[in-house]
Amino acid sequence: MPQTDVLPFSQLGGIVLGARAAILHGIPDPLVYASTIVDVTTEMLAQIAYVALGILILDLRARRPPLRSP
């Protein structure tokens, strides 16, 4: 489990530190900001898809009639 999942405030810090490190290595600011936005957006969409899949599986399992013993 990444440390950023344990400490919620460090998620933002990790994004900021990553952007700062990229800027210090000579990557242009607009490219750093754009790649950071794409990274965060992609992660969010993946989490939404994961949750949607879980809800779908739950819904399919809930629609089955329960097994009845004779």
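None of these values were measured; they are calculated from a predicted model. In this convention, every chain numbers its residues from 1, walking through the sequence in written order. The predicted origin of the model limits local features to residues at a pLDDT of at least 70 and limits the giving and counting of side-chain atom pairs to 80 or more, whereas totals for whole chains, interfaces and linings rest on all residues. Excluded from the side-chain calculations are hydrogens and water; all other atoms, namely the structure's heavy atoms, are used.

Draft legend 1. Region of interest: the overall build of the protein chain. Each helix and strand counted, the protein chain has three helices and zero strands in total. Each helix and strand of the protein chain, placed in order from N terminus to C terminus, yields the pattern α-α-α. Within the protein chain, the fraction of its 70 residues that count as buried is 6%. Computed by Shrake-Rupley with a 1.4 Å probe, the accessible areas treat only the displayed protein chains as cover when residues are assessed. Of the accessible surface of the protein chain, which amounts to about 6400 Å², a share of 71% is contributed by carbon and sulfur atoms. Secondary structure counts use DSSP, requiring at least four H or I residues in a row for a helix and at least two E residues in a row for a strand, with both numbered from the N terminus. Burial classes: relative accessible area under 20% of the type maximum marks a residue as buried, over 50% as exposed, and values in between as partly exposed (1.4 Å probe, protein chains only).

Draft legend 2. Quick peek at a nonpolar patch on the surface. Side chains of Leu53, Leu56, Ile57 and Leu60 sit close together on the surface and give an oily, nonpolar patch of about 370 Å² of accessible area. Inspection of the secondary structure assignment puts leucine 53 in helix H3 (residues 29-63). Looking at leucine 53, the relative accessible area reads 47%, which means it is partly exposed. The patches described consist of residues with a relative accessible area above 30% and no salt bridge, like charges being joined within 9 Å and nonpolar side chains (Val, Leu, Ile, Met, Phe, Trp, Tyr) within 5 Å. In what follows, salt bridge is the name for a side-chain nitrogen of Lys or Arg lying within 4 Å of a carboxyl oxygen of Asp or Glu.

Draft legend 3. Main features of the environment of glycine 18. With respect to the helices and strands, glycine 18 occurs in helix H2 (residues 8-24). Sequence-wise, glycine 18 and threonine 36 are 18 residues apart; in three dimensions their C-alpha atoms are separated by 8.5 Å.

Draft legend 4. How the structure looks around the confidence of the model for the protein chain. Residues of the protein chain with pLDDT of at least 70 account for 74%, and the chain-wide mean is 82. Confidence of the predictor at the level of single residues is given by pLDDT, which spans 0 to 100. Mean pLDDT across the elements of the protein chain bottoms out in helix H1 (residues 3-6) (55) and peaks in H3 (92).

Draft legend 5. Focus on the environment of isoleucine 23. Positionally, isoleucine 23 belongs in helix H2. Linking isoleucine 23 and tyrosine 33, residues 10 residues apart in sequence, is a C-alpha distance of 9.6 Å. Whether two residues are in contact is decided by their heavy atoms, any of which lying within 4.5 Å being enough. Excluding residues within four positions of it along the chain, isoleucine 23 makes contact with Asp29, Val32 and Tyr33.

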